[in-house]
Amino acid sequence: MPALQKLFLSSILFIFLTLLITRRLIKPLGDLTVATEQMMKNNYEFNYSSNSNDEIGILARTLEATSAQIRSQMSHITGLAYSDALTGVKNSTAYKEKIKELDEEIQNSDPQFAVIVLDVNNLKKTNDNYGHKAGDALIVSSCKLICRIFTHSPVYRIGGDEFVELLRNDDYKNRETLI
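Quick notes on the rules
- Residues numbered from 1 in each chain as written.
- Predicted model: local features only at pLDDT ≥ 70, side-chain atom pairs only at ≥ 80, totals over all residues.
- Heavy atoms only, no water.
- Pairing = 2+ DSSP bridges.
- Helix = DSSP H or I, 4+ residues; strand = E, 2+ residues; numbered from the N terminus.
- Buried < 20%, exposed > 50% of the residue type's maximum accessible area, 1.4 Å probe, protein only.
- Phe/Tyr/Trp six-rings, centres within 6.5 Å; stacked < 30°, edge-to-face > 60°.
- Lys NZ or Arg CZ within 6 Å of the ring centre and 35° of its normal.
- Core = buried A, V, L, I, M, F, W, Y, C linked by side-chain atoms within 4.5 Å.
- Contact = heavy atoms within 4.5 Å.
- Expected span 1.5 Å × (residues − 1).
- Arc of directions from axis to C-beta.
- Polar contact = N/O pair within 3.5 Å; in protein donor to acceptor, adjacent residues only side chain to side chain.

A.B. asks: Can you help me understand the sheet that holds strand S1 (residues 90-91) in this one?
C.D. replies: Within a sheet, adjacent strands bond to each other through the backbone by hydrogen bonds, running parallel or antiparallel. One open sheet accounts for 4 strands, arranged S1-S3-S4-S2; its pairing is mixed. Every other strand in the sheet has two partners, leaving S1 and strand S2 (114-119) as the edge strands with one partner each. Where S2 meets strand S4 (residues 162-167), 6 bridges bridge the pair, whose relative direction is antiparallel. Along S4, the bridge assignment pairs Leu-118 with Phe-163.

So this is what it looks like as structure tokens:
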């Protein structure tokens, strides 16, 4: 076989191997790099999937599982950050966020809503006479009552014994009866 033919076949083989390596190794690594860069930017919607059982496939599945776990933990933490630990209703942080949203809505439209501030009577007296467990029970039972009355509106516990209702829709229409 002449030297020129060997060189030509060697070149073809080299190009083929280069394409194969690029397709099987370099491109998947590049895709995984993009995915990890997105995760560094707090984008955990990891959508790279690999059916291969090699190291890259294992790495891709591990990264995908890690991303799902991070999303789940962030959802849980967000829930904790916006919920009142005693009553389970939304807390003052959630209320402040809702007020920001409502301010923007007011700038762009004319929303119908009402704000009701509720205060639990005699909480201090209950705490002083029967202890804080009884005071907590009073807060919890009061919150349940508020939630039963205003079924279509979120309840916010904004202080020790203070609750806020943001009435909209049916609760807004029936506010006088509900109050």
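Picking up where we left off.
A.B. asks: Got a minute to help me understand the pairing of S4 in this structure?
C.D. replies: By the criterion of burial, S4 is predominantly enclosed, with 5 of the 6 residues buried. Alignment of strand S3 (residues 155-157) against S4, held across 3 bridges, turns out to be antiparallel. If you follow Val-155 over to S4, its bridge partner there is Glu-165. What sits between S3 and S4 in their antiparallel hairpin is a turn of 4 residues.

A.B. asks: Help me out: how do you make sense of the packing of aromatic side chains in this one?
C.D. replies: Aromatic ring pairs are described here by two measures, namely the spacing of the ring centres and the angle between the planes. In this structure the tally under the stated criterion is 1 aromatic pair. In this structure, Arg-175 is placed above the aromatic ring of Tyr-172, and the distance from its NZ or CZ to the ring centre is 4.0 Å.

A.B. asks: I would appreciate a short explanation of the nonpolar core in the present structure.
C.D. replies: Core analysis: the biggest nonpolar cluster contains 13 residues, and Ile-146, Phe-150, Val-155, Phe-163 and Leu-167 have the highest contact counts within it. Looking at this core, the elements with two or more residues in it are S2, helix H5 (132-149) and S4. It is H5 that provides the largest number of residues to this core, a total of 3 residues. Once residues lying within four places of it in the same chain are set aside, the contact partners of Phe-150 are Ile-116, Glu-165, Leu-167, Asp-171, Leu-178 and Ile-179. Judged by nonpolar contacts, the second largest core, of 8 residues, contains Leu-32, Ile-56, Ala-60 and Leu-63.

A.B. asks: Can you walk me through helix H3 (residues 92-108) in this structure?
C.D. replies: A turn of α-helix holds 3.6 residues, and therefore any two residues three or four places apart point the same way. For H3, which comprises 17 residues, the first-to-last C-alpha distance of 24 Å matches the rise-based estimate of 24 Å (1.5 Å per residue) to within 8%. Along H3, the residues that are buried comprise Ala-94, Tyr-95 and Leu-102. All buried residues of H3 project into a common sector of 95° when viewed along the axis, lining one side. In H3, the exposed residues that point more than 90 degrees away from the buried face are Lys-96, Glu-104, Gln-107 and Asn-108. Buried residues along H3 sit against S1, S2, S3 and S4. Its side-chain oxygen placed 3.1 Å from the backbone nitrogen of Thr-93, Asn-91 serves as the N-cap of H3.

Structural measurements only, silent on function.
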